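Structural description and commentary
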Amino acid sequence: ESSRETWSHYAGLSRTEGHEKYNSVNRRYVAPLSPMALPQLAPADNSAGEMSAKHLKEKWSDEEIEAAVSDNVVMTWGNNSTRSSLPVLVRGEGVYLYDNRGKEYMDLTSMAVCTNMGYTVGDEIKKAVLR
């Protein structure tokens, strides 16, 4: 009987309409049944323009990397405040990444959003991709 009471308690807390006594608490989103009209936006020129000269530099200083991370990196799966303490990855070989201090890391994160082929890609694969 205890499990039924527990289940009943939680069912009352998490209903589509919200809590039985407080409708705004734990209310679930219900999508509209009719399609919503998309807003009509004015055409915009979103061409890339000129590439910044700094992107063509052979090597960036630690300060330039730190500024670029601060200005451009968004930690989609974590707290953004940690981005300044992340290792600075400078190269990859096979399934390994190396930071600016020479420490080796096995890259186990890429498979979450794409297929990881490693960092040492053969010429025949590069040619096939570019075709």
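As a reminder, the structure under discussion sits directly above these lines.
As the structure is a prediction and not an experimental result, all values here were calculated from the model. (Residues numbered from 1 in each chain as written. Predicted model: local features only at pLDDT ≥ 70, side-chain atom pairs only at ≥ 80, totals over all residues. Heavy atoms only, no water.)

1. Some remarks on the overall build of the protein
Counting its secondary structure elements, the protein contains three helices and three strands. Along its sequence from the N terminus, the protein presents helices and strands in the succession α-α-β-β-β-α. For the protein, the C-alpha radius of gyration of 25 Å lies well beyond 14 Å, the compact-globule estimate for 131 residues. Principal axes of the C-alpha set define a box for the protein whose edges measure 65 × 50 × 35 Å. Considering only contacts in the protein between residues 6 or more positions apart, those separated by 24 or more positions represent 12%. Total accessible area on the protein stands at roughly 12100 Å², and carbon and sulfur atoms take up 55% of it. Looking at the protein, you have 15 positive and 18 negative side-chain charges, and the mean spots of the two groups are 5 Å apart. (Helix = DSSP H or I, 4+ residues; strand = E, 2+ residues; numbered from the N terminus. Rg over C-alpha atoms; globule rule 2.2 N^0.38 Å. Contact = heavy atoms within 4.5 Å. Areas by Shrake-Rupley, 256 points an atom, 1.4 Å probe, with all protein chains shown as cover. Lys, Arg positive; Asp, Glu negative; His and termini not counted. Charge placed at Lys NZ, Arg CZ, Asp CG, Glu CD.)

2. A word on the packing of aromatic side chains
For the structure on display, the rule yields zero aromatic pairs. Note that Arg91 overlies the ring of Tyr98, its terminal NZ or CZ placed 4.0 Å from the centroid. (Phe/Tyr/Trp six-rings, centres within 6.5 Å; stacked < 30°, edge-to-face > 60°. Lys NZ or Arg CZ within 6 Å of the ring centre and 35° of its normal.)

3. Description of the sheet that holds strand β2 (residues 96–99)
Strand order in the open sheet made by the three strands is β1-β2-β3, with antiparallel pairing throughout. The sheet is open, and its two edges are formed by β1 (89–93) and β3 (104–106), each paired on a single side. Geometrically, the sheet is characterised by an average inter-axis angle of 30 degrees between neighbouring strands, direction not taken into account. Examined bridge by bridge, β2 and β3 share three bridges and lie antiparallel to one another. (Pairing = 2+ DSSP bridges. Axes fitted to C-alpha atoms, helices over the stretch in contact; angles between N-to-C directions.)

4. A word on the pairing of β1
In this structure, β1 lies alongside β2, joined through four bridges in antiparallel fashion. Following the sheet pairing, Gly92 is matched in β2 by Leu97.

5. Some points on the pattern of salt bridges
Applying the stated criterion across every chain yields a total of two salt bridges. In this structure, Lys57 and Glu64 form a salt bridge, with 2.6 Å as the shortest nitrogen-oxygen distance. Note on Lys57: relative accessible area 38%, which makes it partly exposed. The salt bridge partner of Arg91 is Glu93, with a shortest N-O separation of 2.3 Å. Glu93 gets classed as partly exposed once you look at its relative accessible area, which sits at 42%. (Salt bridge = Lys/Arg side-chain N within 4 Å of Asp/Glu carboxyl O. Buried < 20%, exposed > 50% of the residue type's maximum accessible area, 1.4 Å probe, protein only.)

In short, geometric facts, not functional conclusions.
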